[in-house]
Amino acid sequence: TAWAVTHDELRLRAAADFQHEAGRGAFGIRLGVGPTIIHETRNRNQAARAGLTGPDAQTTALSLLPSVDLDAVVGLHIAGPWLLMLSGGPSASWVSGDFKAGWSALIGTGWQP
């Protein structure tokens, strides 16, 4: 391959969720709408051998895409207000005049008073 690519993504969402409490668990559905910021860096492999440096050896791109996510969410109270959270579901972004679909997943902690 001619390029080594690094891709970073930041998802900013306004979300609404509907959840049901069952014992120590919480189950729900979350809808999120907002921008996805994508930063991509491409480094040319073996650029130094060709005498390339700086902008000749590397390119970057920054994009802001409108997006929507629909996730199934499961939370389990571990200690006090702290939860173990699992979620996942379809995601769609508007890219160059066309919707691109994907899948997102999350494993993490949550806090619920």
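Treat the numbers as computed from the prediction; the structure is a model and nothing was measured.

Asker: It is not clear to me how the pairing of strand S5 (residues 82-95) should be interpreted in this structure. Could you clarify?
Answerer: Across a regular strand the side chains alternate sides, sitting on one face of the sheet and then on the other. Pairing analysis gives ten bridges linking strand S4 (residues 58-79) to S5, with the strands arranged antiparallel. Each bridged residue has a counterpart across the sheet, and for Ser67 the counterpart in S5 is Ser93. Counting the residues between successive antiparallel strands, the hairpin from S4 to S5 contains two residues, one of them, Gly80, with a positive phi of roughly 60°. The pairing of S5 with strand S6 (residues 98-111) spans 14 bridges and is classified as antiparallel. Considered in S6, the bridge of Met85 is made with Gly108.

Asker: Would you mind going over the environment of Gly89 with me for this structure?
Answerer: With respect to the helices, strands and loops of the structure, Gly89 is situated in strand S5. Residue Gly89 is classed as buried on the basis of its relative accessible area, which comes to 2%. It is 13 Å that separates the C-alpha atoms of Gly89 and Ile107, two residues lying 18 residues apart in sequence.

Asker: Sorry, what's going on with the packing of aromatic side chains here?
Answerer: The way to describe two aromatic rings as a pair is by their centre distance and the angle between their planes. The tally for this structure, following the rule as stated, stands at one aromatic pair. Seen from their ring centres, Trp94 and Phe99 are 4.8 Å apart, and the 75° between their planes marks the pair as edge-to-face. Using a relative accessible area of 52% as the deciding quantity, one classes Phe99 as exposed.

Asker: Explain the pairing of strand S2 (residues 14-22) to me, please; I cannot follow it from the model alone.
Answerer: Pairing analysis gives nine bridges linking S2 to strand S3 (residues 25-44), with the strands arranged antiparallel. If you follow Phe18 over to S3, its bridge partner there is Ile29.

Asker: What is the right way to read the side chain of Ser67 from this model?
Answerer: Its place among the elements puts Ser67 in strand S4. Overall, Ser67 belongs to the buried group, its relative accessible area being 6%. Among the polar contacts listed, one links the side chain of Ser67 to the side chain of Thr36, at a separation of 2.9 Å. Among the polar contacts made by the side chain of Ser67, one reaches the side chain of Ser93 at a distance of 2.7 Å. Setting aside residues no more than four positions away along its own chain, Ser67 makes contact with Arg13, Gly32, Val33, Gly34, Thr36, Ala92 and Ser93.

Asker: Teacher, can you tell me more about a nonpolar patch on the surface here?
Answerer: Taken together, the side chains of Phe27, Val74, Leu76, Ile78, Leu84, Leu86 and Ile107 present a nonpolar region at the surface, about 630 Å² in accessible area. Contributing elements (two or more residues each) for the nonpolar patch: S4 and S5. Among the secondary structure elements, Leu84 is positioned in strand S5.

Asker: Would you explain the pattern of salt bridges in this entry?
Answerer: When the charged atoms of two side chains lie near each other, side chains of opposite charge can form a pair. A complete count under the given rule lists six salt bridges for this structure. The salt bridge involving Arg13 is made with Asp69; its shortest N-O contact spans 2.8 Å. Remark: Asp69 occurs in strand S4 and Arg13 occurs in the loop between strand S1 (3-11) and S2; sequence separation between them is 56 residues. Overall, Arg13 belongs to the partly exposed group, its relative accessible area being 23%. One salt-bridge network, in which partners are shared between bridges, spans Glu9, Arg11, Arg13 and Asp69.

Cut-offs used in this document
Residues numbered from 1 in each chain as written. Predicted model: local features only at pLDDT ≥ 70, side-chain atom pairs only at ≥ 80, totals over all residues. Heavy atoms only, no water. Pairing = 2+ DSSP bridges. Helix = DSSP H or I, 4+ residues; strand = E, 2+ residues; numbered from the N terminus. Buried < 20%, exposed > 50% of the residue type's maximum accessible area, 1.4 Å probe, protein only. Phe/Tyr/Trp six-rings, centres within 6.5 Å; stacked < 30°, edge-to-face > 60°. Polar contact = N/O pair within 3.5 Å; in protein donor to acceptor, adjacent residues only side chain to side chain. Contact = heavy atoms within 4.5 Å. Patch = residues over 30% accessible without salt bridge, like charges linked within 9 Å, V, L, I, M, F, W, Y side chains within 5 Å. Areas by Shrake-Rupley, 256 points an atom, 1.4 Å probe, with all protein chains shown as cover. Salt bridge = Lys/Arg side-chain N within 4 Å of Asp/Glu carboxyl O.

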